[in-house]
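Coordinate analysis (summary)
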Amino acid sequence: AVYWPIMLKALGLEPPRCILAHGWWLTNGRKESKTKTVADTLAAPQKSALELAAELGPDSFRHFVLREMSVGQDADYAEAAYRARYEADLANNLGNLASRVQNLTERNCGGKVPLSPIPQEEPEQVLQAAWEEARPAVIAACDSYRFSVASEKIFAFFKATNVYLETRAPWKLAKSADPAAAAQILLSLATVAEALRLGSTLLAPLLPGSSEKLLAGLGLPPAAAWDDATLTWNPAKLAGSTLGPKVILFPKPAPAAKA
């Protein structure tokens, strides 16, 4: 932050326009050294972050680091906190949502995203409003390097999508003899598929591997650059798309070892 800009100026080159300084990673409140880091040190009896990344996947590590550290402040590593993030955000929230979309669409629509035969109703409007709030908030947070806030907003939207599914409950509608129920099933499945597409696209810079797998599950290529075309709410966009093969995105981890 001092010497490099001075050397660039002396050479007549443009100095950095921004210097981003993150905090320290601590283990149980203790600062790690350059040779013995929080990432690769096993602080017995807990597993290190890299051991958990090998067990739970690299995006689990990315998610923990991005979510737990507010850039500019220190953050603390603990195996229990890592596992809690994985289970709450990745397995129970996002993984559960992706599995539900796959299973419900397969069961009710032969694995193809439907085109809704009826317009949005209040539950859909509430979820779309959640998206319209999340989209600019995530972009603004990333632009200002507040990645923990961006992650929080994305996963709040995934949670809102799960709440929407519970409200619509297409598994209950499928048992109804009411003719309107069939149309509401198609509406709900088109809506959650679109919500998953949008959330997965927004997730791409933070968890690239998971984003790619989520979009592949919807029969789509990896996310392109963020723009109005990719981030505009439009449930008809996916109509007729054949879902990709089922995959367990975030498997249930083995229990943590006891001290």
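Residues numbered from 1 in each chain as written. Predicted model: local features only at pLDDT ≥ 70, side-chain atom pairs only at ≥ 80, totals over all residues. Heavy atoms only, no water.

**Focus: the overall build of the chain**
Of the regular secondary structure elements, the chain holds ten helices and three strands. The secondary structure elements of the chain, listed N-terminal to C-terminal, are α-β-β-α-α-β-α-α-α-α-α-α-α. Entry remark: accessible area of the chain is about 13,700 Å², with carbon and sulfur atoms responsible for 59%. Here the chain contributes 27 positively and 26 negatively charged side chains, and the mean placements of these two sets differ by 3 Å. (Helix = DSSP H or I, 4+ residues; strand = E, 2+ residues; numbered from the N terminus. Areas by Shrake-Rupley, 256 points an atom, 1.4 Å probe, with all protein chains shown as cover. Lys, Arg positive; Asp, Glu negative; His and termini not counted. Charge placed at Lys NZ, Arg CZ, Asp CG, Glu CD.)

**Looking at the pattern of salt bridges**
Tallied over the entire structure, the rule returns 13 salt bridges. Put simply, Glu-121 and Arg-168 hold a salt bridge, and the shortest N to O gap is 2.6 Å. In this pair, Glu-121 is assigned in the loop between helix H4 (79-109) and helix H5 (122-143) and Arg-168 in helix H6 (residues 147-168), connecting sequence segments 47 residues apart. (Salt bridge = Lys/Arg side-chain N within 4 Å of Asp/Glu carboxyl O.)

**A few points about the nonpolar core**
Where a protein is soluble and globular, its nonpolar side chains tend to be buried together. Judged by nonpolar contacts, the single largest core of 54 residues is most densely connected at Tyr-82, Leu-94, Ile-154, Phe-155, Phe-158, Leu-196 and Leu-203. At the level of elements, helix H2 (49-56), strand E3 (75-77), H4, H5, H6 and helix H8 (179-203) are the ones that each hand at least two residues to this core. When near neighbours in sequence (up to four residues on either side) are disregarded, Phe-155 contacts His-63, Arg-67, Asp-89, Leu-90, Asn-93, Leu-94, Leu-203 and Leu-207. (Core = buried A, V, L, I, M, F, W, Y, C linked by side-chain atoms within 4.5 Å. Buried < 20%, exposed > 50% of the residue type's maximum accessible area, 1.4 Å probe, protein only. Contact = heavy atoms within 4.5 Å.)

**A look at the side chain of Thr-191**
Residue placement: Thr-191 occurs in helix H8. The exposure class assigned to Thr-191 is buried, which follows from its relative accessible area of 1%. Leave out the neighbours within four places in its chain, and Thr-191 touches Glu-124, Leu-127, Tyr-164 and Trp-233.

**Here we look at the sheet that holds strand E1 (residues 25-27)**
Strands belonging to one sheet form pairs held by backbone hydrogen bonds; the direction of such a pair is parallel or antiparallel. Ordered by their spatial adjacency, three strands build an open sheet running E2-E1-E3, and the pairing between neighbours is mixed. Because the sheet does not close on itself, it has two edges, and the strands there are strand E2 (30-31) and E3. Two elements, E1 and E3, share three bridges in a ladder whose sense is parallel. Along E3, the bridge assignment pairs Thr-27 with Tyr-77. (Pairing = 2+ DSSP bridges.)

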